[in-house]
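# Notes for the structure review
Okay, here's what each chain looks like letter by letter:
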Amino acid sequence: MEVRAASGQVGAQQQGDEFVLEAFVTFNKLKVLVHELLAIEAWRTNVYPRIKSGLSELKCTMRGYFCLFHEATVVNLLAVCFHHSHALETLGETAVELVDYLARRLVELNARGRIWSARGAEAANEAKERKSDANKAAESDAVISEARAKVEEIDRKSRTGDGELEEQANDVLFQVSVGCMTLARYLCEHINVLPLS
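In short, a report on the structure. Here the structure is a predicted model, which is why all the values come from computation and not from measurement. (Residues numbered from 1 in each chain as written. Predicted model: local features only at pLDDT ≥ 70, side-chain atom pairs only at ≥ 80, totals over all residues. Heavy atoms only, no water.)

We now examine the overall build of the protein. Scanning the protein for helices and strands turns up eight helices and zero strands. Each helix and strand of the protein, ordered N terminal to C terminal, gives the series α-α-α-α-α-α-α-α. Burial statistics for the protein: of 197 residues in total, 33% are counted as buried. For the protein, the accessible surface area stands at approximately 12,200 Å², while carbon and sulfur atoms represent 55% of it. (Helix = DSSP H or I, 4+ residues; strand = E, 2+ residues; numbered from the N terminus. Buried < 20%, exposed > 50% of the residue type's maximum accessible area, 1.4 Å probe, protein only. Areas by Shrake-Rupley, 256 points an atom, 1.4 Å probe, with all protein chains shown as cover.)

Time to look at helix α2 (residues 19-26). The set of residues buried in α2 consists of Val20, Leu21, Phe24 and Val25. An end-on view of α2 places all buried positions within 130 degrees of arc, on one side of the element. (Arc of directions from axis to C-beta.)

Looking at the element boundaries, Gly113 is found in helix α6 (residues 94-137). By relative accessible area, which is 25% here, Gly113 ends up partly exposed. Sequence spacing of Gly113 and Phe174 is 61 residues, and the spatial spacing of their C-alpha atoms is 8.8 Å.

To continue, consider helix α3 (residues 30-57). Approximately 55 degrees is the largest bend angle found in α3, and it occurs at Tyr48, with the proline Pro49 only one to four residues beyond. If you check which residues of α3 are buried, you get Leu30, Leu33, Val34, Leu37, Ile40, Glu41, Arg44, Tyr48, Leu55 and Ser56. Lys59, located one to two residues past α3, shows a positive phi value of around 60 degrees. (Bend = angle between axes of the 7 residues up to and from the residue.)

In total, this model carries seven salt bridges according to the counting rule given. Residues Glu108 and Arg105 are paired through a salt bridge, measuring 2.4 Å at the closest nitrogen-oxygen approach. Taken together, the positions of Glu108 and Arg105, both in helix α6 and three residues apart, correspond to about one turn of that helix. Residue Glu108 shares its accessibility class with Arg105, and that shared class is buried. Each of the salt bridges in this network shares a partner with another, and the network as a whole consists of Glu41, Arg104, Arg105, Glu108 and Arg112. (Salt bridge = Lys/Arg side-chain N within 4 Å of Asp/Glu carboxyl O.)

If you look at the biggest cluster of nonpolar residues, it comprises 38 residues, and the most contacted ones within it are Leu30, Leu78, Phe82, Leu91, Leu98, Tyr101 and Leu102. Counting only elements with at least two residues in this core, the list comes to α2, α3, α4 (61-81), α5 (85-89), α6 and α8 (161-189). Among the elements that line this core, the one with the most residues is α8, at nine residues. With sequence-adjacent residues up to four places away left out, Leu98 is seen in contact with Val34, Leu37, Phe82, Leu91 and Leu187. (Core = buried A, V, L, I, M, F, W, Y, C linked by side-chain atoms within 4.5 Å. Contact = heavy atoms within 4.5 Å.)

What follows is about the packing of aromatic side chains. A complete count under the given rule lists three aromatic pairs for this structure. The interplanar angle of 45 degrees and the centroid separation of 5.8 Å between the aromatic rings of Trp43 and Tyr48 together place this pair among those described as tilted. Judged by its relative accessible area of 23%, Trp43 is partly exposed. Ring plane angle 25 degrees and centroid distance 5.7 Å describe the contact between Tyr65 and Phe69, whose orientation is recorded as stacked. One end of the pair, Tyr65, and the other, Phe69, are both in helix α4, four residues apart, so they sit about a helical turn from each other. Each member of the aromatic cluster is reached from another via a ring pair, and the members are Tyr65, Phe66 and Phe69. (Phe/Tyr/Trp six-rings, centres within 6.5 Å; stacked < 30°, edge-to-face > 60°.)

The phi torsion at Asn28 lies on the positive side, around 55 degrees, for a residue other than glycine. One can find Asn28 in the loop between α2 and α3.

A few words on the side chain of Gln168. Note on placement: Gln168 falls in helix α8. Under the relative-accessibility criterion, Gln168 is labelled buried at 10%. Excluding anything up to four places from it in sequence, Gln168 contacts Thr61, Met62 and Tyr65.

Before going further, it helps to spend a moment on the side chain of Glu71. As for its position among the elements, Glu71 is in helix α4. Taking the relative accessible area as the measure of exposure, Glu71 reaches 1% and is therefore buried. Excluding anything up to four places from it in sequence, Glu71 contacts Leu37, Ile40, Glu41, Arg44, Tyr101, Arg105 and Val176.

Structural data, given as structure tokens:
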């Protein structure tokens, strides 16, 4: 799925042959992608909370991340396809389900926007502090080794299984929500070809 999404992006950026888009349109697979998106959302909301603690106990956080990231991949692939209006035409009544999904994601983006922007600002401030600390610490090797030890200790504490999974889930959810803004834009841009009733 990710290979197809990457191929579709490369074709769109280079304005070359968009064989990925044409294959999805020709074989009527865009409806399948929307269904896949809805299934992933159902898994994320119903199954993932139940298995999250087990994943962190077994130190299998990457497996959970890959399942969550699949939603972002599908959203990205749909965004590449929906850049063209003829791809939206093939959705038919499935577009209504997609609009419902996008509405849920955009509401969540609105609700969590301040939290996500605060996290981004904190990360930027931490990066600035680390850079300035590194410049100051360059004067003394002892200070450098002490700073590295402190950073490693902080990273170990913050990277517990539950914390890591929660951070990954938030990052993926942010990517999905931003991608859904793009999908909503394309739906609004090509609304005249949608068979919405």
